[in-house]
Amino acid sequence: MTSKAKALSVHLLTATGAVFAILAMLAAVEGKWDLMFLWLVVAFAVDGIDGPLARRYDVRRNAARFDGVLMDLIIDYLTYVFIPAFALFRSDLLPGWTGWLAIIMITYASAMYFADTSMKTRDNSFHGFPGCFNMLVLVLFAVTPPTWVILLLVTVLSVAMFLPLKFVHPVRTERWRLVSLPMALAWTGFAGWAAWVDFHPQSWALWGLVTTSIYLVFAGIAQQVIPARED
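Described in the following lines is the structure provided in the data block. Treat the numbers as computed from the prediction; the structure is a model and nothing was measured.

1. Concerning the side chain of T98
Line of reasoning, step 1. Locating T98 in the fold gives a position in helix α5 (residues 97–114).
Line of reasoning, step 2. A polar contact of 2.5 Å, which involves the side chain of T98, links it to the backbone oxygen of P95.
Line of reasoning, step 3. Beyond its immediate stretch of four places on either side in the chain, T98 contacts T147 and L151.

Quick look at the structure:
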């Protein structure tokens with residue numbers, strides 16, 4: 001296979017995220033939350049592997065006709081923001097005005113963040129919370145905390161997108177990557193497991209989700225507090 005063919009195949013892989021997004025949306029419309037999250041987890045896995053493949057096969061040079069970054073952002077907005085916000089609104093987790101407030105904050109703030117040209121730091125971490133509401137909403141479905149806790153988390157994370165806080169990219173942030181990458185892989189596994197058992201409250205997947213989520217949220221902030229050791 002030629003270099004151009006390999007690069008094009010990466011774009012084709014990225015584009016499958018749009019298919020998984022519409023499948024997730026169809027499941028959400030029917031209230032099949034477990035199936036919706038299974039498709040979102042598949043899309044999340046694709047998003048995790050297409051980036052390294054794109055850099056390996058240099059898609060910007062070998063398949064320049066298609067803008068992989070733009071395609072990725074479009075699909076990410078659907079799978080990270082739009083569909084999870086819809087699910088949060090249609091579920092019983094946020095009744096009445098709380099649901100309206102949540103989806104307005106999530107979609108509006110995320111639209112601004114996804115267009116932010118300064119969303120990445122020098123070490124390839126995220127500058128501010130990276131709009132991963134798919135991860136938040138999945139955990140909320142699994143844990144089902146009180147309404148005020150959910151609204152508080154949505155509000156805090158929406159604001160955190162524009163604060164000078166660092167959030168690690170499990171693949172691209174080199175510092176602590178030996179821990180961050182396995183944590184992200186574990187989160188993906190726990191998420192799929194939790195959705196597969198329809199968020200059964202006795203499943204160990206729930207504890208795994210909470211543990212890995214806490215690490216992924218606070219690892220970057222911890223790196224800001226703890227100075228890096230010089231070689």
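2. Quick look at empty space enclosed by the protein
Line of reasoning, step 1. Throughout the structure, instances matching the rule amount to 2 cavities of 30 Å³ or more.
Line of reasoning, step 2. Of all elements in the fold, only α1 (3–29), α2 (33–56) and α4 (68–90) reach the threshold of two or more residues within the lining of the largest cavity.
Line of reasoning, step 3. Grouping the constituent residues of the lining of the largest cavity by class yields 4 nonpolar, 3 polar and 4 charged.
Line of reasoning, step 4. Within this model, the second largest cavity holds a volume of roughly 40 Å³.
Line of reasoning, step 5. Together, F37, L40, V41, F44, N134, L138 and W187 line the second largest cavity.
Line of reasoning, step 6. Mapped by element, the contributors of at least two residues to the lining of the second largest cavity are α2 and α6 (133–143).

3. So, the pattern of salt bridges
Line of reasoning, step 1. Per the counting criterion, the structure on display carries 3 salt bridges.
Line of reasoning, step 2. In this structure, D58 engages R61 in a salt bridge whose closest nitrogen and oxygen atoms are separated by 3.0 Å.

4. A short note on the environment of A64
Line of reasoning, step 1. Mapped onto the fold, A64 is located in the loop between α3 (59–62) and α4.
Line of reasoning, step 2. Along the backbone, A64 and L8 are 56 residues apart, and their C-alpha atoms lie at a distance of 9.0 Å.

5. Description of helix α7 (residues 147–160)
Line of reasoning, step 1. Helix length check: α7, at 14 residues, gives a terminal C-alpha distance of 20 Å against a target of 20 Å (1.5 Å per residue), a fit within 8%.
Line of reasoning, step 2. Turning to α7, its buried residues are I150, L151, V154, L157, S158 and A160.
Line of reasoning, step 3. For α7, the secondary structure elements touched by its buried residues are α4, α5 and α6.

6. A closer look at helix α8 (residues 177–196)
Line of reasoning, step 1. Here α8 is 20 residues long and its end C-alpha atoms lie 28 Å apart, about the 28 Å a rise of 1.5 Å per residue gives.
Line of reasoning, step 2. Of all the positions in α8, only S180, A184, W187, T188, A191, G192, A194 and A195 are classed as buried. The buried residues of α8 occupy one face: seen down the axis, they fall within an arc of 165°. Seen from the open side of α8, the exposed residues pointing more than 90 degrees away from its buried face are L178, L185 and W196.
Line of reasoning, step 3. Each element contacted by the buried residues of α8 is listed here: α2, α6 and α9 (205–225).
Line of reasoning, step 4. Just beyond α8, the residue with positive phi is D198, at close to 55°.

Reading the values: rules and limits
- For every chain, the first residue of the written sequence is number 1, and numbering continues from 1 along that sequence.
- Totals for whole chains, interfaces and linings use every residue, but because this is a predicted model, local features are given only for residues with pLDDT of at least 70 and side-chain atom pairs only at 80 or more, for both listing and counting.
- Think of the side-chain values as coming from all heavy atoms in the structure, minus any hydrogens and water.
- Only DSSP runs of H or I with at least four residues qualify as helices, and only runs of E with at least two residues qualify as strands; both kinds are numbered from the N terminus onward.
- What qualifies as a polar contact is a pair of N or O atoms within 3.5 Å, subject to a donor-acceptor requirement within protein and to the restriction that residues adjacent in sequence count only when both atoms come from side chains.
- Note on definitions: a residue-residue contact is assigned when non-hydrogen atoms from the two residues lie within 4.5 Å.
- Of the grid points, spaced at 1 Å and generated over the protein atoms alone, those admitting a 1.4 Å probe that cannot get out make up cavities, while open sets with protein on both sides within 12 Å along at least five of seven lines make up pockets; any residue with an atom within 4 Å of a point is treated as lining.
- Grid points are joined across faces, edges and corners, and a volume is the space filled by probe spheres set on the points.
- Each residue gets one label: Ala, Val, Leu, Ile, Met, Phe, Trp, Tyr, Cys and Pro are nonpolar, Asp, Glu, Lys and Arg are charged, and the others, such as Gly, are polar.
- Here, a salt bridge means any side-chain nitrogen of Lys or Arg that lies within 4 Å of a carboxyl oxygen of Asp or Glu.
- The span one expects for a helix is its residue count, reduced by one, times 1.5 Å.
- Categorising residues by exposure relies on relative accessible area from a 1.4 Å probe, with only protein chains included: less than 20% of the type maximum marks a residue as buried, more than 50% marks it as exposed, and the intermediate range marks it as partly exposed.
- Taking the helix axis as origin, the arc is that swept by the directions to the C-beta atoms.

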